Amino acid sequence: MSFHYIIVGAGSAGCLLANRLSANPQTRVALVEAGPPDHNPLIHMPLGLALLARNRRINWGYTTEPEAELNHRRLYWPRGRVLGGSSSINAMIYMRGHPLDYRDWAATAGPAWDWPAVRQTFLDLEGNTALGPPHHGTTGPLAVSDLRHVNPLSRAFIQAGTECQHPTTPDFNADTTEGVGLYQVTQKDGRRFSSARAFLDPVRHRPNLTILTGQQVQRVLFSGRTATGIRLATRDLTLTQGGEVILSAGAIGSPHLLMLSGIGPGDHLQAMGIAPIHHAPEVGANLADHLDITVQAATGPLAIGLAPRVLPRALRAAWAFRKGQGELTSNVAEAGGFAKSDPDRDRPNLQFHFIPAFIHDHGRKTAWGFGLTLHVCDLYPQSRGTIRLASPDPAAPPSIAANYLSHPDDLPTLLQGLHLARQITQAPALARHIRHETRPGTATDLVADIRQRAETIYHPVGTCRMGTDPAAPADPQGRIRGTTGLRVVDASLMPRIIGGNTNAPTMMIAETIARTICA
Ligand SMILES: Cc1cc2nc3c(=O)[nH]c(=O)nc-3n(C[C@H](O)[C@H](O)[C@H](O)COP(=O)(O)OP(=O)(O)OC[C@H]3O[C@@H](n4cnc5c(N)ncnc54)[C@H](O)[C@@H]3O)c2cc1C
């Protein structure tokens, strides 16, 4: 059987595309995912997020190359490898970014990506159960809700923020992002609402939609420069005449597959023994991510923590979760906010994520005891990295060089963020819960501390940027220049990293392009 559309990757973008493109019963769509179905109960129980990084079955678990400005550390990069992709393992924060981010997109990718247009698409997708017009959609397929359980320390963080002159923000997706408050989450009835739940579950029964799991795509097949299908480990899937392969394999997976298929920097492909089909120097380039540093402090048992005495509390939480209530519905990163490192900036360039818990090594190490963690990240880093092939073997992970802090402006911004975060943890409302600061703790050289401890907050984008200029690998509808029948539709397309979390914006990208395909 051949397909009109073969979508590679069932993540935030891929599940949405599968839904939209299979709406016409005459259109045959295949959705091919490397990972398994999303049966693991920890995916659906929001607090289970704290344990998901340990599960190699549903997580690509990448590591970067040694990062020169971070003491040559290799950073851990989790990415979902399961139905729902990273939306099945993420922290569920619903955030669109700043309106001015999309003005910047429009400058290089055209007016379809300007705020008035994308705002409407966000509203159309949104099924908000707590907030309504004018800033929110209430009838869309993506469930967005208030947290059902908020730890008292998260409320103390908000109060501490106001004590430091940050305004309180009841809604980060209204007029401005600036200030501190509680995040809204992609949850329904206290359970995670991944892209798979929002967009695949309602349409799995469609006879014209074929969903394949556990199938890692090895490359795109071409006749000349026209895509004709994809190669799996044991067979090929083919396109009908005029059909399209759509790569929605994420900001790492999509450029990886493009290069395995002969589309990328010609000299690099030749060095890897891959015959170039189209020389596209910017495939895998422009990698941007939010680098993050934390303040951590030991607290009493108000925090979410591990100790023998929490057993009764854990049992109560398990009982409450049967009805979608209680502590297990927490996304851990319950509160946060946005601030400017310099008051003259036109938009906030720092984001806080407050966690009423200790999380060590992205949750891969067990954290005994009680504590809190205040994250702060630089939203608009100037540093850019690359995704490159480490091997022509499709099973080998690509080489990720984030080049964090390689631009001289980035370190001072993060340092300023660390100062602001520390100010908040030292404000009376939080200070009264803190026994002692553990990180940076007694470290006196905060620059050295950043180099030793900074980590990703999981928002890599831009590795196949869309643009109206011919150097952009993709045009403003995600079509790969120099080829026919091949698109990328996922976080790789972002022309510039946005000032917020990247899940909803990736869905917005997929919805915008699905509309042009179906028009
Ligand atoms: C731990 C974590 C926490 C995060 N927290 C938040 C948050 O709270 N809020 C927020 O807005 N954003 C968050 N993000 C970011 C957000 O989830 C991502 O930006 C978004 O999901 C990216 O969507 P995507 O469609 O580009 O890629 P993904 O959702 O990653 O989907 C790519 C899919 O392609 C599949 N794939 C890759 N290669 C192949 C191949 N060769 N063959 C077949 N399938 C393949 C993958 O397995 C995956 O399922 C977080 C991310 C992580 C990892």
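Every chain is numbered on its own, with residues counted from 1 as its sequence reads. For a predicted model such as this one, the threshold for reporting local features is a pLDDT of at least 70, and the threshold for listing and counting side-chain atom pairs is 80 or more; totals across whole chains, interfaces and linings nevertheless cover every residue.

K.L.:
Is there a simple way to think about the overall build of the protein chain in this case?
P.N.:
In terms of helices and strands, the protein chain carries 14 helices and 24 strands. To get the radius of gyration, use the C-alpha atoms; to get the globule rule, take the number of residues to the power 0.38 and multiply by 2.2 Å. Here the C-alpha atoms of the protein chain give a radius of gyration of 22 Å, agreeing with the 24 Å that 2.2 N^0.38 yields for 519 residues. When the backbone C-alpha atoms are referred to their principal axes, the protein chain occupies close to 65 × 50 × 45 Å. Buried residues are those with 20 or more other C-beta atoms within 10 Å of their own C-beta, exposed residues have 12 or fewer, and partly exposed residues lie in between; C-beta atoms are placed from the backbone. By the burial criterion, 55% of the 519 residues in the protein chain qualify as buried. Two residues qualify as a contact pair if the distance between their C-beta atoms, derived from the backbone, is within 7 Å. Of the contacts formed within the protein chain by residues at least 6 apart in sequence, a portion of 71% connects residues at least 24 apart. Going along the chain from the N terminus, every DSSP run of H or I of four or more residues is numbered as a helix, and every run of E of two or more is numbered as a strand.

K.L.:
How do you make sense of the site of the ligand when you look at a structure like this?
P.N.:
Each residue gets a C-beta atom placed from its backbone. Should that atom fall within 6 Å of a molecule or strand, the residue is termed near it. Contacts to the ligand come from 41 residues, most closely from Gly9, Gly11, Gly85, Asn501 and Asn503. Of all elements in the fold, only helix H1 (12–21), helix H8 (250–260) and helix H14 (503–518) reach the threshold of two or more residues within the shell around the ligand. Of the residues forming the shell around the ligand, the biggest block, four residues, is contributed by H8. Gly is placed with the polar residues, together with every amino acid not listed as nonpolar (Ala, Val, Leu, Ile, Met, Phe, Trp, Tyr, Cys and Pro) or charged (Asp, Glu, Lys and Arg). Across the shell around the ligand, the residue classes tally to 18 nonpolar, 19 polar and four charged.

K.L.:
Looking at this structure, how should I read the nonpolar core?
P.N.:
For the purposes of this analysis, a nonpolar core is taken to be any set of buried Ala, Val, Leu, Ile, Met, Phe, Trp, Tyr and Cys residues that are connected through C-beta atoms within 7 Å. Core analysis: the largest hydrophobic core is formed by 148 residues, its most contacted members being Ile6, Ile7, Val8, Leu17, Ala18 and Val245. With seven residues, the top contributor of residues to this core is H14. Those domain boundaries reflect an automatic or database domain assignment. Looking at which domains feed residues into this core, each of domain 1 (1–143 + 191–287 + 387–397 + 460–519) and domain 2 (148–182 + 291–378 + 406–453) supplies at least three. In this structure Leu17 touches Ile7, Ile246, Ser248, Val489, Ala510 and Ala514, once residues within four positions along its chain are discounted.

K.L.:
Sorry, what's going on with the domain arrangement of the protein chain here?
P.N.:
The parts lose accessible area when they come together, and the size of an interface is often stated as this lost area. Parsing the protein chain into structural domains produces domain 1 (1–143 + 191–287 + 387–397 + 460–519) and domain 2 (148–182 + 291–378 + 406–453). If you average the C-alpha positions of domain 1 and of domain 2, the two centres end up 29 Å apart. Contact with domain 1, which involves 26 residues of that partner, is made by 26 residues of domain 2. Among the elements that take part in the side of domain 1 that touches domain 2, helix H3 (residues 49–52) stands out by supplying three residues, more than any other. Of the residues assigned to the side of domain 1 that touches domain 2, the class counts are 16 nonpolar, six polar and four charged.

K.L.:
I tried to follow helix H11 (residues 410–426) on my own but got confused; where do I start?
P.N.:
An α-helical turn contains 3.6 residues, so any two residues separated by three or four positions project in the same direction. The end-to-end C-alpha separation of H11 is 25 Å, in line with the 24 Å expected for 17 residues at 1.5 Å each. When we look at burial in H11, the residues that qualify are Leu411, Thr413, Leu414, Gly417, Leu418, Leu420, Ala421, Ile424 and Thr425. Between the first and last residue of a helix there are one fewer steps than residues, each counted as 1.5 Å, and that sum is the expected span.

K.L.:
Which parts of the structure should I look at to understand the environment of His39?
P.N.:
Counting through the fold element by element, His39 comes out in the loop between strand S2 (29–32) and helix H2 (41–44). For His39, a count of 10 C-beta atoms within 10 Å gives the class exposed.

K.L.:
Looking at this model, I keep getting lost on the packing of H11 against helix H13 (residues 446–453). Mind explaining?
P.N.:
Helix-helix packing is described using two parameters, namely the angle between the two axes and the distance between the axes. Every axis corresponds to a line fitted to the C-alpha atoms, with the helix fit spanning only the stretch in contact, and the corresponding angles, defined between N-to-C directions, vary from 0 to 180 degrees. Put simply, H11 and H13 touch, their axes get as near as 10 Å, and they point 100° apart. What the angle tells us is that H11 and H13 run roughly perpendicular. Between H11 and H13, the residues in contact are Leu411, Leu414, Leu415 and Leu418 and Leu446, Val447 and Ile450, respectively. For the contact of H11 with H13, the per-class residue count stands at seven nonpolar, no polar and no charged. Should an angle fall under 35 degrees it is called roughly parallel, over 145 degrees roughly antiparallel, and 65 to 115 degrees roughly perpendicular, with every other angle called oblique.

K.L.:
Honestly, the pairing of strand S13 (residues 236–247) in this entry has me stumped. Any pointers?
P.N.:
When DSSP finds two or more bridges between two strands, those strands count as paired. Relative to S13, strand S1 (residues 2–8) runs parallel, the two sharing six bridges. Residue pairing across strands places Ile7 opposite Ile246, the latter belonging to S13. The sheet contact formed by strand S12 (residues 226–231) and S13 spans three bridges and is antiparallel. Bridging across to S13, Ile230 finds its partner in Leu237.

K.L.:
Would you mind going over the pairing of S12 with me for this structure?
P.N.:
It is a general feature of regular strands that their side chains alternate between the two faces of the sheet. Pairing of strand S11 (residues 219–223) with S12, which is carried by five bridges, proceeds in the antiparallel orientation. Looking at the pairing, Leu221 lines up with Gly229 of S12. Count of turn residues in the S11/S12 antiparallel hairpin: two residues, of which Gly224 carries a positive phi of about 65°. Where S12 folds back onto S13 in an antiparallel hairpin, the turn is made up of four residues.

K.L.:
Mind showing me how you'd approach helix H4 (residues 99–109) here?
P.N.:
All buried positions along H4 are accounted for by Asp101, Tyr102, Trp105 and Ala109. The buried residues of H4 occupy an angular sector of 90° when projected down its axis, which confines them to one face. Buried positions along H4 lie against helix H5 (115–125). This arc is taken over the directions from the axis of the helix to the C-beta atoms.

K.L.:
Explain the environment of Tyr76 here, please?
P.N.:
Mapped onto the fold, Tyr76 is located in strand S4 (residues 76–77). For Tyr76, a count of 15 C-beta atoms within 10 Å puts it in the partly exposed group. Each C-alpha atom of the pair Tyr76 and Leu287 lies 16 Å from the other, and the pair is 211 residues apart in sequence. If we skip the residues at most four places from it in the chain, Tyr76 touches Thr63 and His362.

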